[in-house]
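Letter by letter, the chains look like this.
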Amino acid sequence: MIAKALTIAGSDSGGGAGIQADLKTFQERHVFGMSAITAVTAQNTLGVQGVYPLSIEGIQQQIDSIATDLYPDAVKTGMLFSSEITKAVADKMKHYGFKNIVVDPVMIAKGGSPLLQEEAVEQVKASLLPIASVITPNLPEAEVLTGMKINDLNDRKEAAKVLHSLGVASVVIKGGHGEEQYKIVDLLFNGRDFIEIDHQRLETKHTHGTGCTFAACVTAELAKGRSIEKAVETASEFVHYAIKHTLEIGGGHGPTNHWAFRSYDQKVIRS
Ligand SMILES: Nc1ncnc2c1ncn2[C@@H]1O[C@H](COP(=O)(O)OP(=O)(O)O)[C@@H](O)[C@H]1O
Ligand SMILES: Cc1ncc(COP(=O)(O)OP(=O)(O)O)c(N)n1
């Protein structure tokens, strides 16, 4: 049976993040990818030059079209931009009873452009977290969602517990924005245990779309029936190689290499 995954996110014209990163990642993980676009962004490696949200009706209709014919085994939400879009997406996911919902709480693009209006944060907490299987904030996003200052690993654990208390089953606090000079810790809290996934910090500016790619890989693995622990372990490894074998394109924060995991490291491939 072909696993199917749906991404409900923004379009990145530069191809490195958003639904473009998600669909490339799904494909690399042998999962059939589908998309419902929430907003179109004019974007490249230098930043975001324009944000054009779609109509609520247009977003709802895309989800209806997929759910009534190509019901997804897992769903990822990325850029949702506004409170109205967030609520409409959450209502549709509840209506269709989607399972394996991965929330990537996209707020600010790497270049600093806002991708989520401030007033939408409470809507994310109120309507998305209670139906989410996992949320994958980076450190700044975890601070905004919890209202905490996160300085060390203990703070990250506390923040993960706060997010879990809002209803999401598992929490991944990604560590890329951390202060550690040589390593990065991605922290998973599954509601019971903390699992730390350490890996080498790579010296590069080409990290456009790393969070999107991470969350998309978790989504693809859940779509195939993997456990959250296995899904997160694979995603951490997938993104590490995607950064390690950078494409070095564009004049700014270049995109990750979505085929690296498959091409350069056959020995670690798991179907
Ligand atoms: N310089 C880096 N070297 C190695 N891995 C990185 C680097 N930056 C980010 N990552 C990895 O990319 C993923 C995304 O992390 P992070 O940068 O924290 O989130 P976001 O991309 O959403 O800001 C995590 O798995 C993290 O470990
Ligand atoms: C349409 C769209 N969605 C998400 C992002 C975020 O990508 P990026 O700025 O590289 O941040 P992470 O994916 O690394 O969290 C985007 N820029 N555009």
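Per chain, the residues get numbers from 1 upward, laid out in the order the sequence is written. Both sets of labels track the order of writing: A upward for chains, 1 upward for ligands. Selection of residues for local features in this predicted model requires a pLDDT of at least 70, selection of side-chain atom pairs for listing and counting requires 80 or more, and totals for whole chains, interfaces and linings are taken over all residues. Side-chain descriptors were evaluated using all non-hydrogen atoms of the structure, hydrogens and water having been removed beforehand.

Draft legend 1. Summary view of the pattern of salt bridges. By convention in these notes, a salt bridge is any Lys or Arg side-chain nitrogen within 4 Å of a carboxyl oxygen on Asp or Glu. Per the stated rule, a full pass over the model turns up 16 salt bridges. Salt-bridge contacts for Lys224 lead to Glu221; the nearest nitrogen and oxygen are separated by 3.1 Å.

Draft legend 2. Representation of unusual backbone geometry. The phi torsion at Phe81 lies on the positive side, around 65°, for a residue other than glycine. By relative accessible area, which is 16% here, Phe81 ends up buried. Positive phi, normally seen in glycine, also occurs at Glu248, with a value near 50°. Looking at where Glu248 falls in the secondary structure, it is placed in the loop between helix 8 (228-244) and helix 9 (260-263). Exposure classes here rest on a 1.4 Å probe applied to the protein chains alone. A residue is buried below 20% of its type maximum, exposed above 50%, and partly exposed in between. Overall, Glu248 belongs to the exposed group, its relative accessible area being 60%. Each helix is a run of DSSP H or I of at least 4 residues and each strand a run of E of at least 2, with the numbering of both proceeding from the N terminus.

Draft legend 3. Broad picture of empty space enclosed by the protein. Here the term cavity refers to a set of points on a 1 Å grid, laid over the protein atoms alone, in which a 1.4 Å probe fits but cannot get out; the term pocket refers to an open set having protein on both sides within 12 Å along at least five of seven lines, with lining residues being those that place an atom within 4 Å of a point. Grid points are joined across faces, edges and corners, and a volume is the space filled by probe spheres set on the points. Counted under the stated rule, the structure contains 2 cavities of 30 Å³ or more. Along the walls of the largest cavity sit Gln43, Asn44, Thr45, Gly47, Val48, Ala109, Lys110, Gly111, His208 and His253, which together make up its complete lining. Residue assignment for the lining of the largest cavity shows that the elements contributing at least two residues are strand 2 (32-44) and strand 3 (47-53). Looking at the lining of the largest cavity residue by residue, the classes come out as 2 nonpolar, 7 polar and 1 charged. For the second largest cavity, the calculated volume is near 40 Å³. In this structure, the second largest cavity is lined by Thr77, Gly78, Leu80, Val103, Asp104, Pro105, Val106, Leu116, Val124 and Leu128. Looking at the lining of the second largest cavity residue by residue, the class counts come to 7 nonpolar, 2 polar and 1 charged. In this classification, the charged set is Asp, Glu, Lys and Arg, the nonpolar set is Ala, Val, Leu, Ile, Met, Phe, Trp, Tyr, Cys and Pro, and all remaining amino acids, among them Gly, are polar.

Draft legend 4. Seen up close, the layout of surface pockets. Taken as a whole, the second largest pocket spans an internal volume of roughly 160 Å³. Contributing to the lining of the second largest pocket are 13 residues, with Leu139, Ile150, Asn151, His177 and Glu179 lying nearest its centre. Of all elements in the fold, only helix 5 (139-146) and helix 6 (153-165) reach the threshold of two or more residues within the lining of the second largest pocket. Looking at the lining of the second largest pocket element by element, the count peaks at 3 residues for helix 5. When the residues that make up the lining of the second largest pocket are grouped by side-chain class, the tally is 4 nonpolar, 3 polar and 6 charged.

Draft legend 5. View of the UniProt feature "domain: Pyridoxamine kinase/Phosphomethylpyrimidine kinase" (unreviewed entry) in the protein. UniProt positions are given in the numbering used here, feature names are shortened, and annotations may be inferred rather than shown by experiment. In the numbering used here, UniProt assigns the "domain: Pyridoxamine kinase/Phosphomethylpyrimidine kinase" (unreviewed entry) feature to residues 12-257. End-to-end, the C-alpha atoms of residues 12-257 are 15 Å apart, and along that stretch the chain is 39% helix and 20% strand.

Draft legend 6. How the structure looks around the site of ligand 2. A molecule or strand has a residue near it when one of that residue's heavy atoms lies within 4 Å. Near ligand 2 lie 16 residues; those nearest to it are Gln43, Lys110, His208, Gly209 and Thr210. The definition of a polar contact used here is a pair of N or O atoms within 3.5 Å, where within protein one atom must be able to donate a hydrogen and the other to accept one, and adjacent residues in sequence count solely through side-chain atom pairs. Residue Gln43 places a side-chain N or O atom 2.6 Å away from a nitrogen atom belonging to ligand 2. Within the backbone of Gly211, one N or O atom sits 3.2 Å away from an oxygen atom of ligand 2. When ligand 2 sits alone it has 420 Å² of accessible area, and the protein chains cover 96% of it. Looking at the shell around ligand 2 element by element, the count peaks at 3 residues for helix 7 (residues 210-223). Across the shell around ligand 2, the residue classes break down as 6 nonpolar, 9 polar and 1 charged. Using a 1.4 Å probe, accessible areas were evaluated by the Shrake-Rupley method; residue-level cover was limited to the displayed protein chains.

Draft legend 7. Structural context of a nonpolar patch on the surface. Each patch groups residues whose relative accessible area exceeds 30% and which form no salt bridge, using 9 Å between like charges and 5 Å between nonpolar side chains of Val, Leu, Ile, Met, Phe, Trp and Tyr. On the surface, a nonpolar cluster with roughly 280 Å² of combined accessible area is contributed by Ile2, Phe32 and Leu70. Here Ile2 shows up in the segment before strand 1 (4-12). For Ile2, a relative accessible area of 60% translates into the label exposed.

Draft legend 8. Inspection of the packing of aromatic side chains at higher detail. Here is the rule: rings of Phe, Tyr and Trp (six-membered ring for Trp) pair when centre to centre is within 6.5 Å. Planes less than 30 degrees apart are stacked, more than 60 are edge-to-face, and the remainder are tilted. Tallied over the full model, the rule gives 5 aromatic pairs. Between Tyr71 and Phe98, the aromatic rings sit 5.4 Å apart at their centres with planes inclined by 70°, giving edge-to-face as the arrangement. In this pair, Tyr71 is assigned in the loop between helix 2 (56-67) and strand 4 (74-77) and Phe98 in the loop between helix 3 (83-96) and strand 5 (101-103), connecting sequence segments 27 residues apart. Of the residues examined, Phe98 reaches a relative accessible area of 5% and is grouped as buried. Taking 6.0 Å as the distance between ring centres and 40° as the angle between the ring planes, the aromatic pair formed by Tyr241 and Phe261 counts as tilted. Of the two residues, Tyr241 sits in helix 8 while Phe261 sits in helix 9, which places them 20 residues apart along the sequence. Residue Tyr241 is classed as buried on the basis of its relative accessible area of 13%. The exposure class assigned to Phe261 is buried, which follows from its relative accessible area of 2%. Put simply, the rings of Tyr71, Tyr96 and Phe98 pair up and form one aromatic cluster.

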